[in-house]
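Remarks on the overall topology
What follows is each chain in one-letter form.
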Amino acid sequence: MLSVVLTCSKLLTAASFRVELSGRERGNCSLFSDCVGECALCERVHVINTRLNKREFEKRKKFQNNHWLLKAVMSQRKRPSNVQSSQSKGARHSEVLLGGGGGDDDDDDEDVTFTQPSTSQVQRGLARLTPAQVDLKTAEVVQFIFVKDQKKIPIRRADIVKHVVKDYRNIYPEIMKSVGRTLDTVFGLMLKEVDVKNHVYILINKLEPPGGELLNMTPSNPKIGLLFVILGIIFMKGGVVKESMVWNTLKKLRVDPGDRHEDFGDVKKVVTDEFVRQRYLEYVRIPHTEPLEFEFRWGQRADTEVSKVKLLEFMGQLHDQDPQSWTQQYRDATSSQTVPVSQR
Amino acid sequence: MARPLGESHKRFLQTMMANGIVDGDKARALHRHCCETHGAQYTPDKLDEFIEVINAQLQPMFMQIRKGLSEEDGLQYYALVNMAETDVTRMSADYADNELELFRKTMDLIVDSDNGTASSTDILNCADSLQTKKLKKKETEHVLNRLVQDKWLIEKQGEYSLSTRCIMEMEPYIRRIYQDQVKVCHICHNVALQCQMCENPTCGIKIHTHCVARYFKGRTDPRCPSCEDFWPHEIPEVYRPPSSQSQSAATEKTTPTPRATGQSRKTRRS
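What counts, and at which threshold
Residues numbered from 1 in each chain as written. Chains lettered and ligands numbered in written order. Predicted model: local features only at pLDDT ≥ 70, side-chain atom pairs only at ≥ 80, totals over all residues. Heavy atoms only, no water. Helix = DSSP H or I, 4+ residues; strand = E, 2+ residues; numbered from the N terminus. Buried < 20%, exposed > 50% of the residue type's maximum accessible area, 1.4 Å probe, protein only. Areas by Shrake-Rupley, 256 points an atom, 1.4 Å probe, with all protein chains shown as cover. Core = buried A, V, L, I, M, F, W, Y, C linked by side-chain atoms within 4.5 Å. Contact = heavy atoms within 4.5 Å. Polar contact = N/O pair within 3.5 Å; in protein donor to acceptor, adjacent residues only side chain to side chain. Phe/Tyr/Trp six-rings, centres within 6.5 Å; stacked < 30°, edge-to-face > 60°. Lys NZ or Arg CZ within 6 Å of the ring centre and 35° of its normal. Pairing = 2+ DSSP bridges. pLDDT = per-residue confidence, 0-100. Axes fitted to C-alpha atoms, helices over the stretch in contact; angles between N-to-C directions. Salt bridge = Lys/Arg side-chain N within 4 Å of Asp/Glu carboxyl O.

Quick word on the overall build of chain B
For chain B, the helix and strand inventory stands at nine helices and eight strands. Per-residue burial over chain B gives 47% buried out of 270 residues. Carbon and sulfur atoms form 47% of the exposed surface of chain B, whose accessible area is close to 13,700 Å².

Shown next as structure tokens:
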């Protein structure tokens, strides 16, 4: 890191430079305009005017936000030629996207420090591109989302930008608007942000789950049955259960987490790893437990995709009871917050 | 301006996405159910128009619901194909580099073969000479099983051929990579892997087995359409599925596979 700093400082015309942190409209970053052609910071980050000398800069590096910001700048990655010049103004928000984290293949060192471009930047970007080019990018993002969704793993904005949007990141909002429109009008699907801080999305269905004949036409996954039993247990118990409750119930159904199951394989892994990664379940440590115990809750995908009312009706059929006899659960199921997207 | 899609169209599309490929009967049933479920006007026999509306919207995304004939049984199938990536990398979400290489080599064997198949022995030999990481015998068998499960390959008695969906999806890729080396059917002009060939050395045209059945149906003296030499091969019967099959297929809850794998129903040459 130090050597990179030194290399960069050679390119800078002065030992100190302007780093702008979030706050208001900025002006030129004259120093960086000499460095590599365009200034990665200025066109993206909206910052307070601060003059830093090299020592300050080194110190500032340690602060989390700047660290990532400066790391991106200092890494001197090749900047594409159609990116905004350093004269851009009017960046309204700064969002520093930390590209790390998540159980993905993506290299943590290859951070995509991505900040939302301003409206004027987007307008300028759009002016340079033909509608066909924008449409092409939209198509690529849609394809990317489908490929990622195959495994039901949530999609990170960082990945979309890094792998698909790439050179077009200055019109990212416009592309994503187009993507959202397409997903809705053509496929009846929607991107829902499940992690607002890290900008992670899942793809959910706006159409109701198929019933009757249609149900027979869609290939089903046996694991969904397993998932539903667990979601049922959690819901009936008020939204959170100890893991021991889940394992005991499954054992009664002859699904033993200790044994390898014919249809599900490694049951424990499917439940605590796969379903959790897919955001169907949450598997959280209960603090201060000795030995370590975990509890299960519904995950965000379950909240948006699964109808609690239907689940309760299913329970009613199973136990030959009126769903309304479980008053608390019935109230939970019918409260407006829990109504899935397709039924709104 | 392309016509906007109704919920029935979106439902049809979602089901196609889940299945990948469906046979003609099932597609028609699906059309009916989608219209009925979402209260859209249903006109039987207008499936192709219904699909055209969807395709107009899919076109900017390089996707298409395509109609094609299966080389196995000559029946019509509808498949959702991706036309953007005409490369094998389309599958790369699920398969490792060396597995894709194995698939490419298998495809090479199939295209080069006379009868459009590759034996498992030959494929296993290929696995030994992969440039990316080599695959052991057990691993190769596992990969081949996955490829069959994911409907890229069909396996019959140890011989592997490209599935209908694979051919429909990969046709542009196959034409681009193999160019003149790949056989093309004289009748329908599609890629022909399982086909019959005119024995005249100056002619040598190829015709799909199912195209042969249709073209020469009822003729006592079959002649090559190009050079008019006698067509020496056995003319198969045009395959007609019994009408009860469409009901039994609908009650099956398992992932439907093209009828190609139902060996017992083949009425072709003994």
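After that view, the rundown keeps rolling.
Section: unusual backbone geometry
Look at the link from A:E290 to A:P291: it is a cis peptide, with omega at 0°. Mapping A:P291 onto the fold places it in the loop between β9 (281-286) and β10 (293-298). Positive phi, normally seen in glycine, also occurs at A:H288, with a value near 60°. Relative to the assigned elements, A:H288 resides in the loop between β9 and β10. Even without a glycine there, the phi angle at B:F62 is positive, about 60°. Following the sequence through the fold, B:F62 ends up in the loop between α3 (47-58) and β2 (63-69). Judged by its relative accessible area of 32%, B:F62 is partly exposed.

Section: the nonpolar core
The biggest cluster of nonpolar side chains holds 50 residues, and the ones touching the most others in it are A:V141, A:L183, A:F187, B:F12, B:L58 and B:I65. Residue contacts for A:F187: discarding those within four places in its chain leaves A:V142, A:F146, A:T182, B:K10, B:L13, B:Q14, B:M17, B:L58, B:M61 and B:M63. Grouped together as the second largest cluster of nonpolar side chains are 29 residues, A:L227, A:L231, A:V246 and A:L281 included.

What to know about the side chain of B:K151
With respect to the helices and strands, the residue B:K151 is situated in the loop between α6 (137-149) and β5 (153-156). Here the side chain of B:K151 touches B:N19 through a polar contact of 2.9 Å, landing on its backbone oxygen.

Examining the packing of aromatic side chains
Any pair of aromatic rings gets described here by the distance separating the centres and the angle formed by the planes. Across all of its chains, the model carries eight aromatic pairs over all chains by this definition. Between B:F12 and B:F50, the ring centres sit 5.4 Å apart and the planes meet at 80°, which makes this aromatic pair edge-to-face. Separated by 38 residues along the polypeptide, B:F12 in helix α1 (residues 7-19) and B:F50 in helix α3 bring together distant segments of the chain. Like B:F12, the residue B:F50 is buried in the burial classification. Ring geometry for B:Y215 and B:F216: centres 5.0 Å apart, planes at 75°, overall edge-to-face. According to the relative accessible area criterion, B:Y215 is partly exposed, its value standing at 28%. A cation sits over an aromatic face here: A:R301 above A:Y280, 5.7 Å from the ring centre. Sitting over the face of the ring of A:W298, A:K308 holds its NZ or CZ atom 4.5 Å from the ring centroid.

Quick notes on the pairing of strand β5 (residues 200-205) of chain A
Residues and elements named next belong to chain A. Of all six residues that make up β5, five are buried, and the element is covered over most of its length. Bridge count for strand β3 (residues 155-156) against β5 is two bridges, and the pairing is antiparallel. Within β5, the residue paired with R156 across the bridge is V200. Pairing of strand β4 (residues 189-195) with β5 involves six bridges; the strand directions are antiparallel. By the bridge assignment, K192 is partnered in β5 with I202. The turn linking β4 back onto β5 is made up of four residues, and H199 within it adopts a positive phi angle of 55°.

Thoughts on the confidence of the model for chain B
Residues and elements named next belong to chain B. Of all residues in chain B, 85% have pLDDT values of 70 or greater, and the mean over the chain is 83. Counting contacts from residues 244-270, a segment whose pLDDT is below 50, to residues more than four positions away or on other chains yields 46 contacts. Here the predicted complex carries an ipTM of 0.73, next to a pTM of 0.67.

A short note on the sheet that holds β3(A)
Across the sheet, three strands lie side by side as β3-β5-β4 (chain A); this open sheet has antiparallel pairing. With partners counted over all chains shown, the strands left at the sheet margins are β3 and β4 of chain A, one partner each.

Some points on the sheet that holds strand β4 (residues 118-119) of chain B
All names here are of chain B. Reading across from one edge, β4-β6-β5 is the order of the three strands in this open sheet, with antiparallel pairing throughout. Of all strands in the sheet, those with a lone pairing partner are β4 and β5, marking the two edges. Sheet topology note: the β5/strand β6 (residues 159-162) ladder contains four bridges and is antiparallel. Looking at the pairing, K156 lines up with E159 of β6. Taken strand by strand, helix α4 (residues 97-112) contacts β4, β5 and β6, and its axis lies near 95° from that of β6.

Some details on the environment of A:I155
Residue and element names in this part refer to chain A. Within the secondary structure, I155 is located in strand β3. With 45 residues separating them along the chain, I155 and V200 place their C-alpha atoms 5.5 Å apart. I155 has contacts with F144, I145, K148, I160, L191, H199, V200 and Y201, leaving out every residue within four places of it along the chain.

Focus on the pattern of salt bridges
The full count for this structure, using the stated rule, is 22 salt bridges over all chains. Between B:E101 and B:K105 there is a salt bridge, with its nearest N and O atoms 4.0 Å apart. Placement of both B:E101 and B:K105 in helix α4 is noted, with a separation of four residues, approximately one turn of the helix. Assessed through its relative accessible area of 23%, B:K105 is described here as partly exposed. A single network of salt bridges, built from pairs that share partners, joins A:D149, A:K152 and A:R301.

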